[in-house]
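Structural characterization, general
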Amino acid sequence: IYTLSLHDALPIFDYNIFYYLIRCKNYDEIKKSSESNTIQLTPELYNKYKDIDIKAKKLTIIIIMFDDETENFAGFAQLKYPLSQKNPIQGEGKGEGKDDQNKIDVNYYKIEWLWRTKLHYSKVSHLMNRADDDHFIQDGANGCQIDSDLGNYCCRLIEDRKSVV
C-alpha cells in the first residue's frame with residue numbers, strides 16, 4: 001500500500017514547481033505566520049510574483065521556512081496570492097479607506113501551510129544548492145531560489161518529521 005504525502009499530492013504534472021528559502025528571525029515570527037497564514041517575502045521575491053496569477057499560469061511556489069534563531073527548518077507552505085490583490089482579513093485590497101495602522105505591508109502573501117515541524121539544519125547541512133551558486137542550503141540568502149531536486153528532497157525530509165499544522 002502506498003500512501004501519498006502532502007508533498008506528493010502537489011500537482012507536479014500540470015504545474016511548474018519553484019522552491020524558495022525564507023529566513024525568519026525566530027519562532028515567534030513563524031508562529032505569527034502560521035496563525036495568519038501569511039508570510040512577508042523579500043521585496044525581490046514579492047515583486048517577481050505579485051502581478052502574476054499563479055493559478056492561471058499553473059505555477060506552484062513552495063516556501064521553505066528557516067528559523068535563524070534555532071537553526072531549524074520550520075516547514076513549508078504554498079504561496080496563494082499577494083494580500084494587495086485580495087485581503088480577507090480587512091475585506092479590501094491595500095487597506096483603502098482604513099486608517100494607517102490597519103494598512104498592510106505590500107510584501108505579505110497569503111500562504112497555505114502544507115507541513116510545519118522542526119528539522120535541525122544539521123540534517124541537511126551537507127546539501128548544496130545549485131540554484132544559489134552551490135552554497136550550502138542553510139547558508140542561502142533570504143528569498144533565494146532552491147534547486148527543484150533539492151527543494152523536493154528538503155520537503156520530503158521535513159515531512160518525515162511529525163507535523164504540527
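As shown above, the structure is provided for reference.
Quick summary incoming for the structure in this document. Keep in mind that this is a model prediction, so the values were computed, not measured. (Residues numbered from 1 in each chain as written. Predicted model: local features only at pLDDT ≥ 70, side-chain atom pairs only at ≥ 80, totals over all residues. Heavy atoms only, no water.)

With that settled, the discussion passes to the packing of aromatic side chains. The geometry of an aromatic ring pair is captured by two quantities: the separation of the ring centres and the angle between the planes. Applying the stated rule across the entire model yields 3 aromatic pairs. Ring centres 6.0 Å apart and planes at 75 degrees place the aromatic pair Tyr-20 and Tyr-49 in the edge-to-face group. With Tyr-20 in strand E1 (residues 16-24) and Tyr-49 in helix H2 (residues 43-49), this pair connects stretches of sequence that are 29 residues apart. The exposure classification of Tyr-20 matches that of Tyr-49, with both residues buried. (Phe/Tyr/Trp six-rings, centres within 6.5 Å; stacked < 30°, edge-to-face > 60°. Helix = DSSP H or I, 4+ residues; strand = E, 2+ residues; numbered from the N terminus. Buried < 20%, exposed > 50% of the residue type's maximum accessible area, 1.4 Å probe, protein only.)

Attention now goes to unusual backbone geometry. A positive phi is found at Asn-37, a non-glycine position, where the angle reads about 55 degrees. Mapped onto the elements of the fold, Asn-37 is located in the loop between helix H1 (27-36) and strand E2 (38-40).

Moving on, we come to the pairing of strand E4 (residues 72-82). Counting buried positions over the 11 residues of E4 gives 9, a clear majority of the element. Bridge analysis of strand E3 (residues 59-67) against E4 gives 6 bridges, and the strand direction is antiparallel. Bridging from a neighbouring strand, Phe-66 pairs with Phe-73 of E4. (Pairing = 2+ DSSP bridges.)

On to helix H3 (residues 148-159). Because an α-helix completes one turn every 3.6 residues, residues spaced three or four positions apart along the sequence face the same direction. The end-to-end C-alpha separation of H3 is 16 Å, in line with the 16 Å expected for 12 residues at 1.5 Å each. Regarding H3, the residues found buried are Leu-150, Gly-151, Cys-154, Cys-155, Leu-157, Ile-158 and Glu-159. Contacts from the buried residues of H3 go to E1, E3, E4, strand E5 (108-120), strand E6 (128-129) and strand E8 (145-146). (Expected span 1.5 Å × (residues − 1). Contact = heavy atoms within 4.5 Å.)

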